[in-house]
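Next come the chains, spelled out residue by residue.
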Amino acid sequence: MLKFAQAICYVFAGLVIALFTLVLRSDTFEPVSTSASILSQDLSTIRIWIVVTGLSVYLWRAASGQSLRLTLGVLTVVAWIMFFEDVLVLDKVLFVTQHPLATAVQVIRPAFLLAVTYVAFKQWELEGA
Amino acid sequence: MKNDDSSRKSKPSKEELDALFKDMPLFDLKSVRNTLYKRSIRFRFCWVVLMLLTLSYVMGWFSGALLPMMASSFTNLDADYQLHQLRFLIGLLMIAGGTIAINLDRNIQSVFIGIFWVQLYFCVSGTLRLVRSLPEGSTFSLTTYTVIQSTILVLMVWLIVEERIYQRNLYRL
């Protein structure tokens, strides 16, 4: 179960990186206003860096055998906060793209949130034992 | 009458309840004051300043003094205002989380590290938003925002370092 949850997290991180790279490089980006465009571009840029940094730190710590529970805890909290921001506030700012990659990210996101929360709790339990 | 007496007798006393809950970590409240007195004076200072900043922020928000300095005042975008409200709520939840950790005297370092990273995300995205939305020449809002956010981040780091020192000393003993 833990391996499966970790696999979901890796797949989601890969999809997000691919999607944001696509969004930032293409012109198929249709926010409702210029101000909204700046807001969504900035948040997208910050988030891509969070995903890349989080994934790098996680992989580096896992490879070097260091404690992962705090890293996972922080990443889980940040992931949930970004999700709430998107669902409660930014749904009217960000466009809903028809690109299959974006659809995949939207579909996998709830599964990712559950998976990363499970992995964080499991890691906490394993390292606490 | 007889029934009333029996129900009164079956009710556990405060001492009995305390004894029951004593071994349960969740109910083993040590109070914020007790935990703070165990920590260094620098830890207490950081906590008190953080609380004062929060209080002044809430007062500033409800008095409307903060409104002209917010990004939504410059962009007139609903999303900016709603984002601020959401982050305000998350900030209050984080303070509640920190206070609970101090109250229980458990996982203080972990909780504050988590809060620090979330705060850093808010700080970076908020500063970037102000930089991009402010009209030219009006740097007062940006400076005020950056100074307040940086102060909070520095206090958080200081708090974490102090807690780490305390835990290390406790482990040595």
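Quick notes on the rules
Residues numbered from 1 in each chain as written. Chains lettered and ligands numbered in written order. Predicted model: local features only at pLDDT ≥ 70, side-chain atom pairs only at ≥ 80, totals over all residues. Helix = DSSP H or I, 4+ residues; strand = E, 2+ residues; numbered from the N terminus. Buried ≥ 20, exposed ≤ 12 C-beta atoms within 10 Å, placed from the backbone. Core = buried A, V, L, I, M, F, W, Y, C linked by C-beta atoms within 7 Å. Contact = placed C-beta atoms within 7 Å. Nonpolar A, V, L, I, M, F, W, Y, C, P; charged D, E, K, R; others polar. Axes fitted to C-alpha atoms, helices over the stretch in contact; angles between N-to-C directions. Parallel < 35°, antiparallel > 145°, perpendicular 65-115°, else oblique. Left-handed = near helix turned anticlockwise from the far one by under 90°. Expected span 1.5 Å × (residues − 1). pLDDT = per-residue confidence, 0-100.

1. Comments concerning the overall build of chain B
From N to C terminus, chain B includes eight helices and zero strands. Of the regular secondary structure in chain B, the N- to C-terminal order runs α-α-α-α-α-α-α-α. Burial status across chain B gives 21% buried among its 173 residues.

2. Regarding unusual backbone geometry
All names here are of chain B. Despite not being glycine, Asp 105 shows a phi value in the positive range, around 55 degrees. Among the secondary structure elements, Asp 105 is positioned in the loop between α6 (78-104) and α7 (108-133). The class of Asp 105 is partly exposed, set by 18 C-beta atoms lying within 10 Å. The phi torsion at Asn 107 lies on the positive side, around 50 degrees, for a residue other than glycine. Topologically, Asn 107 is positioned in the loop between α6 and α7. By the C-beta count within 10 Å, which is 16 here, Asn 107 ends up partly exposed.

3. With respect to the nonpolar core
Ranked by internal contacts, the top residues of the largest apolar core, which has 38 residues, are Val 78 and Val 116 of chain A together with Phe 112 and Leu 159 of chain B. Every element with two or more residues in this core is listed here: α1 (2-25), α2 (34-63), α3 (69-88) and α4 (100-128) of chain A together with α4 (41-63), α6, α7 and α8 (140-172) of chain B. Ranked by the residues each element gives to this core, the list is headed by α3 of chain A, at eight residues. When neighbours within four sequence positions are excluded, Val 116 of chain A is seen to be in contact with Cys 9, Leu 75, Thr 76 and Ala 79 of chain A. Counting six residues, the second-largest nonpolar core is a separate cluster that includes Leu 39 and Leu 43 of chain A together with Leu 77 and Ala 79 of chain B.

4. A look at the interface of chain B and chain A
Taken together, the contacts link 20 residues of chain B with 21 residues of chain A. Elements with a minimum of two residues in the side of chain B that touches chain A: α6 and α7 of chain B. Considering each element in turn, the side of chain B that touches chain A owes the most residues, 12 residues, to α7 of chain B. Partitioned by chemical class, the residues of the side of chain B that touches chain A number 11 nonpolar, six polar and three charged.

5. Structural notes on the packing of α3 of chain A against α4 of chain A
Residue and element names in this part refer to chain A. Viewed as axis vectors pointing N to C, α3 and α4 meet at an angle of 155 degrees, and their least axial separation amounts to 9 Å. Accordingly, the angle class assigned to the pair α3 and α4 is roughly antiparallel. Crossing hand, α3 versus α4: left-handed. Touching Arg 69, Leu 72, Gly 73, Leu 75, Thr 76, Ala 79, Trp 80 and Phe 83 of α3 are Arg 109, Leu 113, Val 116, Thr 117, Val 119, Ala 120, Gln 123, Trp 124 and Glu 127, all from α4. The class makeup of the residues in the contact of α3 with α4 is 10 nonpolar, four polar and three charged.

6. Some remarks on α7 of chain B
Given a rise of 1.5 Å per residue, 26 residues ought to cover 38 Å, and the 37 Å separating the end C-alpha atoms of α7 of chain B matches this to within 8%. Among all positions of α7 of chain B, only Ile 108, Val 111, Phe 112, Ile 113, Gly 114, Ile 115, Tyr 121, Phe 122, Ser 125, Arg 129, Leu 130 and Ser 133 of chain B are buried.

7. Some points on the confidence of the model for chain A
When the pLDDT values of chain A are averaged, the result is 80; 81% of them are 70 or greater. When mean pLDDT is compared element by element in chain A, α3 of chain A scores highest at 87, while α2 of chain A scores lowest at 81.

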